[in-house]
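Structural characterization, general
Listed below are the residues making up each chain.
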Amino acid sequence: MSLLHVDKLSASHGQLPAVRGIEFTVDEGEIVALVGANGAGKTTLLRTIAGAHRADRGRVVFDGVEVTGLPAHRRVAAGISLVPEGRRLFPTMSVEENLRVGASAARPGEWSVTRVLDAFPQLQPLRRRRAGELSGGQQQAVAIGRALMANPRILLLDEISLGLSPKAVDGVYASLRILIDARVTLILVEQDLGRTLATADRILCLLEGRIVAAGRADEMSREQVMAHYFGTREAA
Ligand code: ATP
């Protein structure tokens, strides 16, 4: 059985449909990337899976249990954690306090402040520093660490490279490797196609709220993904 089954899911912003009947599954330990142009519906899809946005139709089934009607904190307790676009830390709270916020609806498990600081060693000396004083890369590491404190079974990562320097992105991805090795299941939204293809097992291409192509990352070329990205498949 799949860990996550997204079943004909639709979501909108007012009158505007953003996610239109999306269907896919994710297996335990898999890394699935959502690829698509701005406005394709990637963020809305992740937020709807996490319970931060209401579904209009369809179902989210996690580990065989339907969670579509559950509020976000109940989904966190079930094992679904979102690292939101823009990080959304508490800027006046310390790194450690931000991490502890992530444990508030946590499932029992191995992640702790110490383990997060082991996975993100760049945060070790910054433990008592206010989150608002950190660099973008350091803040992103805190945002991922905060999500890990809930001991997720699946982690939804929304544009974790956005606004970061190439060096900071390298640091964040080096730490992701630790999660991948620990077989944390990931759904990744990432603008950097090279990194996406190198990291993911499977790619889902979104266009105007629908999945228009799907395949194994090692069987899809950059050109094929780009063609789906812009909806010019015949160009591939
Ligand atoms: P991006 O890469 O820009 O984040 P995305 O693929 O994540 O894009 P969404 O942010 O989910 O796409 O947006 C899907 C559609 O919903 C777009 O047409 C967008 O304009 C619209 N939308 C997103 N957020 C809102 C909002 N808060 N209010 C109204 N419309 C929104």
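Structure first, text after, so check above.
Note that the structure is a prediction, hence the values are computed from the model and not measured. (Residues numbered from 1 in each chain as written. Predicted model: local features only at pLDDT ≥ 70, side-chain atom pairs only at ≥ 80, totals over all residues. Heavy atoms only, no water.)

1. Topic: the overall build of the protein chain
Check the secondary structure of the protein chain and you find 8 helices and 10 strands. Relative to a compact globule of 236 residues, whose C-alpha radius of gyration would be 18 Å, the protein chain shows 17 Å and is just as compact. Counting only C-alpha atoms, the protein chain reaches 50 × 40 × 35 Å along its principal axes. A burial count over the protein chain gives 50% of its 236 residues as buried. Carbon and sulfur atoms make up 49% of the accessible area of the protein chain, which amounts to about 10,800 Å² in all. For the protein chain, the distance from the average position of its 29 positive side-chain charges to the average position of its 26 negative side-chain charges is 5 Å. (Helix = DSSP H or I, 4+ residues; strand = E, 2+ residues; numbered from the N terminus. Rg over C-alpha atoms; globule rule 2.2 N^0.38 Å. Buried < 20%, exposed > 50% of the residue type's maximum accessible area, 1.4 Å probe, protein only. Areas by Shrake-Rupley, 256 points an atom, 1.4 Å probe, with all protein chains shown as cover. Lys, Arg positive; Asp, Glu negative; His and termini not counted. Charge placed at Lys NZ, Arg CZ, Asp CG, Glu CD.)

2. What about the pattern of salt bridges?
Under the definition given, this model contains 15 salt bridges. With its nearest N and O atoms 2.9 Å apart, the salt bridge here joins arginine 59 to aspartate 7. On the criterion of sequence distance, the pair formed by arginine 59 in strand β4 (residues 57-62) and aspartate 7 in strand β1 (residues 4-13) is long-range, its members being 52 residues apart. Arginine 59 sits in the partly exposed class, given a relative accessible area of 33%. The structure contains a network of salt bridges with shared partners spanning Asp7, Lys8, Glu23, Arg59 and Glu66. (Salt bridge = Lys/Arg side-chain N within 4 Å of Asp/Glu carboxyl O.)

3. Some thoughts on the sheet that holds strand β2 (residues 16-26)
Strand order across the open sheet formed by 4 strands is β2-β1-β4-β5, with antiparallel pairing between neighbours. In the strand order of this sheet, the two ends are held by β2 and β5 (65-66), each with one partner. Where β1 meets β2, 7 bridges bridge the pair, whose relative direction is antiparallel. When the sheet's bridge partners are listed, histidine 13 is paired in β2 with leucine 16. Contacts from helix α1 (residues 42-50) reach β1, β2 and β4 within the one sheet, and its direction differs from that of β1 by about 115°. (Pairing = 2+ DSSP bridges. Contact = heavy atoms within 4.5 Å. Axes fitted to C-alpha atoms, helices over the stretch in contact; angles between N-to-C directions.)

4. Quick look at the side chain of glutamine 140
Locating glutamine 140 in the fold gives a position in helix α5 (residues 136-148). In this structure glutamine 140 comes out as buried when scored by relative accessible area, which is 1%.

5. Remarks on the site of the ligand
Among the 14 residues in the neighbourhood of the ligand, the closest are listed as Gly39, Gly41, Lys42, Thr43 and Thr44. Interatomic distance of 2.9 Å between a backbone N/O atom of glycine 41 and an oxygen atom of the ligand. Glutamate 159 places a side-chain nitrogen or oxygen 3.2 Å from an oxygen atom of the ligand. Its free accessible area being 620 Å², the ligand has 60% of it covered by the protein chains. Those elements that place two or more of their residues in the shell around the ligand are β2 and α1. Broken down by element, the shell around the ligand gets its largest block of residues, 3 residues, from α1. Each residue belonging to the shell around the ligand can be placed in one class, and the counts come to 4 nonpolar, 7 polar and 3 charged. (Near = heavy atom within 4 Å. Polar contact = N/O pair within 3.5 Å; in protein donor to acceptor, adjacent residues only side chain to side chain. Nonpolar A, V, L, I, M, F, W, Y, C, P; charged D, E, K, R; others polar.)

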